[in-house]
Amino acid sequence: MREMKQIINMTVNGEPHELLVEARTTLLEVLRDQLDLTGAKEGCGLGECGSCTVIMEGKPVLSCLALAVDAHDKEVLTIEGMSQGEELHLIQEAFVKHGAIQCGYCTPGMVMTAKALLDENPHPTQEDTKKAISGNLCRCTGYTKIIEAIDSVHSIGDLPGEKR
Ligand code: FES
Ligand code: FES
């Protein structure tokens, strides 16, 4: 039996969308397959790696577990919404500068987790940062450079006019 589809409205990176989804369609599927936003990655598909992390209503969510219907009438931010044209977001710049990217598979999820952390807590301790990224797995970097990158953003975050 074919599953009923329903219409949802979702704002993604500031743009409103009306989408037709099934009850079991995940947010990750909608982002990647319907909106062609392929920055969020499907690593495990089981809520264990964090590579699919996006921000919904200011909170980091694992988009492989979140249902698209639960994003109805919500604001979603993905890695594609972080840069302004060619200009990288401060957090992305910091990842590049600190060598916190190797294969890059975990990076979009890490950056979104870092953004959610810094928005909620502009001056996290290293322990706060470690805790925040504990659900984001990285097989390449050993995490130290990622933590340094996030740390560098909050140390420059007090500059006037700083974007975050
Ligand atoms: S793909 Fe979502 S947590 Fe791994
Ligand atoms: S840079 Fe390769 S998994 Fe993190």
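Now for a look at the structure at hand. (Residues numbered from 1 in each chain as written. Chains lettered and ligands numbered in written order. Predicted model: local features only at pLDDT ≥ 70, side-chain atom pairs only at ≥ 80, totals over all residues. Heavy atoms only, no water.)

## Topic: the overall build of the protein
On a plain count of helices and strands, the protein comes out with 5 helices and 5 strands. Shown N-terminal to C-terminal, the secondary structure of the protein runs as helices and strands in the order β-β-α-β-β-β-α-α-α-α. Counting only C-alpha atoms and orienting by the principal axes, one finds that the protein spans roughly 55 × 35 × 25 Å. Expressed as a percentage of the 164 residues in the protein, the buried residues total 41%. Expressed as a percentage of contacts within the protein between residues at least 6 apart in sequence, the contacts between residues at least 24 apart total 54%. (Helix = DSSP H or I, 4+ residues; strand = E, 2+ residues; numbered from the N terminus. Buried < 20%, exposed > 50% of the residue type's maximum accessible area, 1.4 Å probe, protein only. Contact = heavy atoms within 4.5 Å.)

## Considerations on the environment of K59
Mapped onto the secondary structure, K59 falls in strand β4 (residues 59-62). For the pair K59 and L77, spaced 18 residues apart in the sequence, the C-alpha separation amounts to 9.7 Å. In contact with K59, other than residues within four places in its own chain, are V54 and E120. In this structure the side chain of K59 is engaged in a polar contact, spanning 3.2 Å, whose partner is the side chain of E120. (Polar contact = N/O pair within 3.5 Å; in protein donor to acceptor, adjacent residues only side chain to side chain.)

## Some remarks on the layout of surface pockets
Size it by volume and the largest pocket reaches roughly 170 Å³. The wall of the largest pocket is formed by 15 residues, among which Y105, C106, L137, C138 and R139 lie closest to the centre. Across the lining of the largest pocket, the residue classes break down as 9 nonpolar, 5 polar and 1 charged. Taken domain by domain, the makeup of the lining of the largest pocket includes at least three residues from each of domain 1 (5-81) and domain 2 (90-156). (1 Å grid on protein atoms, 1.4 Å probe; cavity = no way out; pocket = protein on both sides within 12 Å on 5 of 7 lines; lining within 4 Å. Points joined across faces, edges and corners; volume = space filled by probe spheres on them. Nonpolar A, V, L, I, M, F, W, Y, C, P; charged D, E, K, R; others polar. Domains from an automatic or database assignment.)

Read these as spatial facts, not as claims about activity.
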